[in-house]
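Residues per chain, in single letters:
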Amino acid sequence: MPMTLKPTNSSLFERRFAMILDYSTMETTHIPNFVGGDGTLHAQMRVDELGKILKGVLDPGSSIGYHTHETSSEIIYILSGTGKVLCDGAYEALGPGSCHYCPRGHEHSLINDSPEGGEDLTFFAVVPEQ
């Protein structure tokens, strides 16, 4: 028998347990030098106590700085563009359909290495805090 969630307060249930995230209606946050990276991360995010889910865009030449996932892992799925990830000191090429996984305790950076005027690197990332 499938599990059914029955909220007692529907507005609280919808706010806390949204199952559909409509990125076309989310505000975009522009974060310069995210985690010490270059350029700007443009992100539409859902953040709560359980983690972070975001659609991000890195302009050509932009990056998310090299950082360690002390308490969480991260999954990054590339939607469009090309780039690379630096994970535990090794570079790996990324393109549409690539999925990068950074386990808890490991280090990584996401880089759009396209030349100026090149293509944006668009990705979807999940950082569970569980």
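Note that the structure is predicted; figures quoted are calculated from it, not measured.

A. View of the sheet that holds strand β5 (residues 74–80). Strand order in the open sheet made by the six strands is β1-β2-β3-β10-β5-β8, with antiparallel pairing throughout. Of all the strands in the sheet, just β1 (29–32) and β8 (99–102) have a single pairing partner and so form its edges. Taken over all neighbouring pairs, the strand axes of this sheet differ in orientation by 25° on average, direction set aside. Relative to strand β10 (residues 121–128), strand β3 (residues 51–58) runs antiparallel, the two sharing eight bridges. Paired with G51 across the two strands is P128, which belongs to β10.

B. Just the nonpolar core, in detail. Within the largest apolar cluster, 14 residues are counted, with the highest numbers of intra-cluster contacts made by L41, L58, I64, I76, I78, L110 and F123. Only β2 (40–48), β3, β5 and β10 provide two or more residues apiece to this core. In this structure, L110 is in contact with L58, S62, S63, I64, I76, I78, K84, L94, L121 and F123, ignoring residues within four places of it in sequence.

C. Quick peek at the environment of D120. With respect to the helices and strands, the residue D120 is situated in the loop between β9 (107–111) and β10. When its relative accessible area of 34% is taken as the criterion, D120 is described as partly exposed. Residues D120 and S62 lie 58 residues apart in sequence; the distance between their C-alpha atoms is 9.2 Å. Beyond its immediate chain neighbours, meaning those up to four positions away, D120 contacts V57, L58, D59, P60, S80, G81 and N112.

D. Here's a closer look at the pattern of salt bridges. Evaluation of the coordinates by the stated rule reveals one salt bridge. Between D48 and R46 there is a salt bridge, with the nearest N and O atoms lying 3.2 Å from each other. Given the relative accessible area of 19%, R46 is considered buried.

E. Inspection of the pairing of strand β6 (residues 83–87) at higher detail. In terms of burial, β6 is largely enclosed, as four of its five residues are buried. Note that β6 and strand β7 (residues 90–94) share five bridges and pair antiparallel. Each bridged residue has a counterpart across the sheet, and for G83 the counterpart in β7 is L94. Here β6 hands over to β7 after two residues, with D88 in that stretch at a positive phi of 50°. Alignment of β6 against β9, held across four bridges, turns out to be antiparallel. Within the sheet, the bridge partner assigned to L86 lies in β9 and is S109.

F. Geometry of the packing of aromatic side chains. Tallied over the full model, the rule gives one aromatic pair. Each ring, one from Y23 and one from F124, has its centre 6.0 Å from the other, and the planes form 90°; the classification is edge-to-face. Separated by 101 residues along the polypeptide, Y23 in the loop between α1 (10–16) and β1 and F124 in strand β10 bring together distant segments of the chain. Since its relative accessible area comes to 28%, F124 is described here as partly exposed. When the ring centre of Y91 is taken as reference, the NZ or CZ atom of K84 above it lies at 4.5 Å.

Cut-offs applied
Residues numbered from 1 in each chain as written. Predicted model: local features only at pLDDT ≥ 70, side-chain atom pairs only at ≥ 80, totals over all residues. Heavy atoms only, no water. Pairing = 2+ DSSP bridges. Helix = DSSP H or I, 4+ residues; strand = E, 2+ residues; numbered from the N terminus. Axes fitted to C-alpha atoms, helices over the stretch in contact; angles between N-to-C directions. Core = buried A, V, L, I, M, F, W, Y, C linked by side-chain atoms within 4.5 Å. Buried < 20%, exposed > 50% of the residue type's maximum accessible area, 1.4 Å probe, protein only. Contact = heavy atoms within 4.5 Å. Salt bridge = Lys/Arg side-chain N within 4 Å of Asp/Glu carboxyl O. Phe/Tyr/Trp six-rings, centres within 6.5 Å; stacked < 30°, edge-to-face > 60°. Lys NZ or Arg CZ within 6 Å of the ring centre and 35° of its normal.

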